[in-house]
Amino acid sequence: MDFPEELKYSKEHIWVRVEGARAVVGITDYAQNELGKITSVELPEVGDEFQQEDSFGSIEARKTVAELYAPLTGSVLELNEELLDNAALVNEDPYDSGWIVVLSLDDPEELMMLLSAEEYADALEEFD
């Protein structure tokens with residue numbers, strides 16, 4: 001499985017794309033594949049603040065509900081409201097139209113705690 005090189009990853013299967021002082025956040029292709037058909041996404045509110053590793057929402061699939069954990073400290077700047085009507089976007093395009101939230105990048109040093117694409121792929125091998 002290939003993971004976009006420009007992204008950072010958490011061990012909780014969250015990806016981060018840094019855009020200046022903003023961090024676009026979603027779940028990895030591996031995570032959406034493991035969950036199966038996603039039926040709904042619970043999103044936070046714009047303005048909500050989270051510390052790194054706080055739960056900021058959840059994804060519901062046919063068989064399970066998975067918590068979403070903030071990969072970075074920040075406040076919610078934007079939500080992908082399309083997911084409220086079409087949660088399947090996370091399955092169809094997890095790295096583009098299936099993004100979940102945009103967070104402010106309050107502590108850029110936290111990025112060093114995230115994994116590169118290669119490190120994430122190595123970590124997945126340990127799960128199997």
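Look up: the structure comes first, before these words.
Keep in mind the model is a prediction, meaning the values are calculated, not measured.

Enquirer: Would you mind going over the sheet that holds strand β8 (residues 74–79) with me for this structure?
Expert: Remark on secondary structure: sheet strands pair via backbone hydrogen bonds, oriented parallel or antiparallel. Pairing in this open sheet of six strands is antiparallel, and the strands run β1-β2-β3-β9-β8-β5 from one edge to the other. In this open sheet, the two strands that pair with only one neighbour each are β1 (8–9) and β5 (49–50). In this sheet, strand β9 (residues 101–104) lies alongside strand β3 (residues 22–27) in antiparallel orientation, the contact comprising four bridges. Within β9, the residue paired with Ala23 across the bridge is Leu103.

Enquirer: Explain the side chain of Gln32 here, please?
Expert: Mapping Gln32 onto the fold places it in helix α1 (residues 29–35). Taking the relative accessible area as the measure of exposure, Gln32 reaches 9% and is therefore buried. Within polar-contact distance, the side chain of Gln32 engages the side chain of Asp29 at 2.8 Å. Within polar-contact distance, the side chain of Gln32 engages the side chain of Asn91 at 2.8 Å.

Enquirer: In this structure, what is going on with the pairing of β3? I would like to understand it.
Expert: Put simply, side chains in a regular strand alternate between the two faces of the sheet. In terms of burial, β3 is a largely internal element, five of the six residues being buried. Pairing analysis gives six bridges linking strand β2 (residues 14–19) to β3, with the strands arranged antiparallel. Residue Arg17 lies in a different strand from β3, and its bridge partner there is Val24. Taking the residues that link successive antiparallel strands as the turn, the β2-β3 hairpin has two residues, and the phi of Gly20 there is positive, at about 65°.

Enquirer: Would you explain the sheet that holds strand β6 (residues 55–61) in this entry?
Expert: Ordered in space as β4-β6-β7, the three strands form an open sheet in which the pairing is antiparallel. Whereas interior strands pair on both sides, the edge strands pair on one side only; in this sheet they are β4 (38–42) and β7 (65–69). For this sheet, the mean angle separating the axes of adjacent strands, direction not counted, is 20°. As judged from the four bridges shared by β4 and β6, these two strands associate in the antiparallel manner. When the bridges of β6 are listed, Ser40 appears paired with Glu60.

Enquirer: Can you walk me through helix α4 (residues 117–127) in this structure?
Expert: Since there are 3.6 residues in each turn of an α-helix, residues three or four apart along the chain are aligned in direction. Among the residues making up α4, those that are buried are Ala117, Tyr120, Ala123 and Leu124. All buried residues of α4 project into a common sector of 120° when viewed along the axis, lining one side. Opposite the buried face of α4, at more than 90 degrees from it, the exposed residues are Glu118, Glu125 and Glu126. Those residues of α4 that are buried lie in contact with β1 and α1.

Enquirer: I'm lost on unusual backbone geometry in this one. Help?
Expert: The bulk of non-glycine residues show a negative phi, and the bulk of peptide bonds are trans. Positive phi, normally seen in glycine, also occurs at His13, with a value near 70°. On the secondary structure map, His13 appears in the loop between β1 and β2.

Enquirer: Would you explain the pattern of salt bridges in this entry?
Expert: Side chains carrying opposite charge are able to pair once their charged atoms draw close together. Here the structure, examined in full by the defined rule, presents two salt bridges. Glu19 is the partner of Arg17 in a salt bridge, and the nearest nitrogen-oxygen pair spans 3.2 Å. Among the salt bridges present, the one from Glu78 reaches Arg22, with a minimum N-O distance of 3.1 Å. Here Glu78, found in strand β8, pairs with Arg22, found in strand β3; they are 56 residues apart in sequence, far enough to count as distant. Given the relative accessible area of 32%, Glu78 is considered partly exposed. Overall, the relative accessible area of 29% leaves Arg22 in the partly exposed class.

About the thresholds
- Residues numbered from 1 in each chain as written.
- Predicted model: local features only at pLDDT ≥ 70, side-chain atom pairs only at ≥ 80, totals over all residues.
- Heavy atoms only, no water.
- Pairing = 2+ DSSP bridges.
- Helix = DSSP H or I, 4+ residues; strand = E, 2+ residues; numbered from the N terminus.
- Buried < 20%, exposed > 50% of the residue type's maximum accessible area, 1.4 Å probe, protein only.
- Polar contact = N/O pair within 3.5 Å; in protein donor to acceptor, adjacent residues only side chain to side chain.
- Axes fitted to C-alpha atoms, helices over the stretch in contact; angles between N-to-C directions.
- Arc of directions from axis to C-beta.
- Contact = heavy atoms within 4.5 Å.
- Salt bridge = Lys/Arg side-chain N within 4 Å of Asp/Glu carboxyl O.

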